[in-house]
2 protein chains.
Amino acid sequence: MNAPISLAHLKTACSSCNLRELCLPVGLSHEQLETLDELVYTRKRLKRGESLFRSGDEFQSLYAIRSGFFKTRVATSDGRDQVSGFQMAGELLGIDGIGTDTHNCDAVALEDSEVCVIPYSKLEELSRRFEPLQHHFHKVMSREIVRDHGVMLLLGSMRAEERLAAFLLNLSQRFTARGYSASEFILRMTREEIGSYLGLKLETVSRTFSKFQDEGLVSVQQKHIRITDIPGLRKVMGQTGASSC
Amino acid sequence: MNAPISLAHLKTACSSCNLRELCLPVGLSHEQLETLDELVYTRKRLKRGESLFRSGDEFQSLYAIRSGFFKTRVATSDGRDQVSGFQMAGELLGIDGIGTDTHNCDAVALEDSEVCVIPYSKLEELSRRFEPLQHHFHKVMSREIVRDHGVMLLLGSMRAEERLAAFLLNLSQRFTARGYSASEFILRMTREEIGSYLGLKLETVSRTFSKFQDEGLVSVQQKHIRITDIPGLRKVMGQTGASSC
DNA sequence: CCGGGCGGTTGACATGGATCAAAGCGCGCC
DNA sequence: GGCGCGCTTTGATCCATGTCAACCGCCCGG
C-alpha cells in the first residue's frame with residue numbers, strides 16, 4: 001500500500017550529528033549524547049512526494065528529520081483535508097501516533113529527504129533510564145501543543161495578510177535557526193498547500209503575495225522568496241484589523 | 001497578582017477517585033494505582049471566574065480537574081486572544097507549561113471547580129520508575145496534539161454550522177463519557193466564548209443556534225441545550241459545503 | 001418585588017475571501 | 001532540448017460571516 005521506500009541500514013550517531021542542537025538531544029552533554037546513540041539504528045530516505053507514514057498506519061517509531069522538508073496532513077471522515085504543519089531538519093514527526101498506537105495524519109516529503117528512525121518503545125525505555133532525555137522529550141511534545149495553539153489563534157482570528165505574514169516570519173525564523181538566510185529562501189510547498197495550512201484558498205495566497213510585493217515587503221518569484229522588509233511584515237501581523245476600533 | 005485561591009491540604013487518593021477511568025491513571029491495575037497515590041498531595045478549589053494559572057506564570061504543576069469546568073485562553077502580543085479549549089472533569093491542565101517552564105495560556109474556571117495539583121517533577125520521577133504511568137502520560141499529550149489538529153481542521157475548513165455542530169457533538173460525547181446525558185446539558189460558557197473557540201463572532205453563534213432550533217436539531221433556552229436530533233447534527237457536520245462539487 | 005445590567009437575539013448592511021474563469025509560465029519529464 | 005501539464009497569477013462576481021445597532025429577557029441584588 002505504501003510507495004516503495006529505500007531503507008538505509010546505516011549506523012547513525014546522534015553524538016556526531018550536526019543537527020544535535022536542534023533535535024532530540026538538544027542541551028545534552030557530550031557523554032549523555034553517547035548514551036543516545038543506541039536509540040537510532042536506521043535511517044530512511046524518501047523521494048519527493050513519498051509518504052513517511054499515513055493516517056491509519058500502525059504506530060511504531062518517531063522520525064527525526066535529518067534533511068529535507070515535510071508536510072503533515074489531517075483529514076475529516078468526509079474527505080476534506082488540511083495541512084497541519086510543515087517540518088524541517090531537526091524536527092520530530094510521528095508524535096500524533098502515540099495516543100492511539102495508530103498514526104492520525106499523513107507525513108509527506110516535499111523534497112528528497114532523510115529521516116532517523118527512532119523506535120518508540122526504545123525511546124520510552126531510554127527516557128526512563130535517562131532523565132535529561134525524558135525531560136527534553138516532554139518539552140518537545142509540550143512545545144508542539146503550544147505551537148498548535150498558535151496556529152489555532154492564527155486560523156481563528158487573523159486576516160489573510162496577517163496569516164501569510166506570520167507564516168513567512170515563522171519560516172524565516174526557522175531557517176535562521178538552521179544557519180540559512182532569514183530573508184531569502186525557497187518555498188518547498190505549493191500555494192495550495194500554504195493555503196490549506198493557513199485556512200485560505202490558493203488564489204488568496206497568490207493575491208496576498210502579490211500585494212506584499214506591491215507594498216515592497218517581499219520579492220516573490222514563484223517559489224523563490226526574498227523578504228525585503230522584515231519589520232514591515234511584523235507590522236502587518238501586529239495590526240488588529242483596525243476597522244474594529 | 002493572582003486572585004486569592006483557597007488551598008485545601010487534603011490527602012487525595014487516585015486509587016479511590018471515581019474519575020480514575022478518565023484521568024491520568026486510566027487503565028492501570030488497582031495495585032498500580034496505589035503507587036500513584038503519592039503523586040497528588042493537594043487540591044485547589046476555584047470559584048467561578050478565578051484563574052488556575054496565567055500566561056507567564058512559572059510552571060510547576062499539572063492539574064487534574066476533579067470537578068467543574070474550565071476554559072484555556074491564548075493571546076497574541078497585540079492583545080487579541082482566543083479560547084483554545086474547554087476542559088471538564090478528568091482532564092489535565094497545564095501541559096503547555098512544560099516546554100518553556102512558563103505557562104503559555106490562561107486557565108479560567110467557568111464554574112466553581114476543584115483540581116488535583118500534580119507536581120511536575122514528581123510526575124517525571126514517578127513515570128521513570130513506573131512504565132505504565134509514563135506510557136499513559138505520553139498518550140495524554142499525544143492525544144492533546146491530535147485534538148488540536150482536529151480544531152485546526154475545524155477552524156481552517158469548516159463553515160459556521162459545521163463548527164457549531166462539531167462543538168455540540170464533542171460536548172455531548174464528553175458528557176456521555178462522564179455518565180451525563182448525551183442530549184441535554186448546560187453550557188458553562190457564553191456565546192462569545194464559544195465563538196472565540198470556534199473562530200466565529202458571538203452573533204454568528206447565536207444565529208446558528210437559532211437556525212438549528214428552527215430545523216428541529218436542538219432546543220436552545222439560553223445555556224440549556226437539548227439535542228433533539230443527533231444524527232441530524234452529524235449530517236450537518238459531514239456535508240462539505242456542497243457548492244464545491 | 002422591582003430595577004438594572006449583562007448576555008442573548010435579531011435585523012440591516014458591509015466586506016473579505018471564496019468561487020468561477022481564463023491565460024501565462026516554468027519546470028520536469030521524456 | 002522541447003513539449004505539456006501543473007502551478008501561478010489575475011480578473012469579475014458572489015456569498016458567508018462580520019459589523020453595527022437596537023431590543024429583549026433572564027437573573028441577581030437591593
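This text follows the structure it describes.
This report concerns the structure included in the present document.

About the thresholds
- The written sequence of each chain sets the order in which its residues are numbered from 1.
- Numbering of ligands from 1 and lettering of chains from A proceed in the order in which they are written.
- Reporting in this predicted model follows two pLDDT cut-offs: at least 70 for local features of residues, and 80 or more for side-chain atom pairs to be given and counted; totals over whole chains, interfaces and linings ignore these cut-offs and use all residues.
- By convention in this description, side-chain values take in all heavy atoms of the structure and omit both hydrogens and water.
- A run of DSSP states H or I qualifies as a helix once it reaches four residues; a run of E qualifies as a strand once it reaches two. Both are numbered from the N-terminal end.
- Radius of gyration means the value over C-alpha atoms here, while the globule rule gives 2.2 Å times the residue count to the 0.38 power.
- Throughout, exposure labels follow a simple rule: accessible area from a 1.4 Å probe, protein chains only, divided by the maximum for the residue type, with under 20% read as buried, over 50% as exposed, and the rest as partly exposed.
- Contacts between residues were defined by any pair of non-hydrogen atoms, one from each residue, lying within 4.5 Å.
- Residue proximity to a molecule or strand is established when one non-hydrogen atom of the residue lies within 4 Å of it.
- Contacts described as polar in this section are N or O atom pairs within 3.5 Å, which, within protein, must combine one atom able to donate a hydrogen with one able to accept it, while residues neighboring in sequence count only if both atoms come from side chains.
- When residue character is reported, Ala, Val, Leu, Ile, Met, Phe, Trp, Tyr, Cys and Pro are called nonpolar, Asp, Glu, Lys and Arg charged, and the others, Gly included, polar.
- Axis lines are fitted to C-alpha atoms, over the contacting stretch for helices. Their N-to-C directions set the angle, which ranges from 0 to 180 degrees.
- Orientation labels follow simple angle bins: below 35 degrees gives roughly parallel, above 145 gives roughly antiparallel, 65 to 115 gives roughly perpendicular, and whatever is left gives oblique.
- For any helix crossing, the convention is left-handed if the near helix is rotated counterclockwise from the far helix by under a right angle, and right-handed if that rotation is clockwise.

**Concerning the overall build of chain A**
Then comes step 1: Looking only at helices and strands, chain A has seven helices and 12 strands in total.
Then comes step 2: Relative to its length of 245 residues, chain A is compact, with a C-alpha radius of gyration of 19 Å against a globular reference of 18 Å.
Then comes step 3: With respect to the principal axes defined by its C-alpha atoms, chain A has extents near 55 × 40 × 35 Å.
Then comes step 4: Burial statistics for chain A: of 245 residues in total, 53% are counted as buried.
Then comes step 5: In chain A, of all internal contacts separated by at least 6 residues, the share reaching a separation of at least 24 is 73%.

**Description of the protein's contact with DNA strand D**
Then comes step 1: As a matter of local geometry, DNA strand D sits amid 18 residues, with Arg191(A), Ser206(A), Ser210(A), Ala160(B) and Thr204(B) nearest to it.
Then comes step 2: Atoms of DNA strand D within 4 Å of the protein: sugar and phosphate make up 65%, bases the balance.
Then comes step 3: Between Lys201(B) and DNA strand D, the recorded distance is 3.3 Å, taken from a backbone N or O atom to a phosphate oxygen.
Then comes step 4: Per-element accounting of the surface near DNA strand D gives the leading share, five residues, to helix 6 (residues 202-214) of chain A.
Then comes step 5: Its residues placed into classes, the surface near DNA strand D shows three nonpolar, seven polar and eight charged.

**Quick word on unusual backbone geometry**
Residue and element names in this part refer to chain A.
Then comes step 1: Phi is positive for Asp101, close to 60°, though the residue is something other than glycine.
Then comes step 2: Residue placement: Asp101 occurs in the loop between strand 7 (92-93) and strand 8 (106-109).
Then comes step 3: Of the residues examined, Asp101 reaches a relative accessible area of 37% and is grouped as partly exposed.
Then comes step 4: Positive phi is not limited to glycine here, since Gln222 has a value of about 60°.

**Quick notes on the packing of helix 2 (residues 120-129) of chain B against helix 3 (residues 131-157) of chain B**
All names here are of chain B.
Then comes step 1: It is at 5 Å that the axes of helix 2 and helix 3 come closest, and there the two elements cross at 120°. Here helix 3 runs oblique to helix 2, going by the angle between their axes. As helix 2 runs across helix 3, the sense of the crossing is left-handed. Within the contact between the two elements, helix 2 uses Tyr120, Leu123, Leu126, Ser127 and Arg129 and helix 3 uses Glu131, Leu133, Gln134 and Phe137.
Then comes step 2: A breakdown of the residues in the contact of helix 2 with helix 3 according to their chemical character gives five nonpolar, two polar and two charged.

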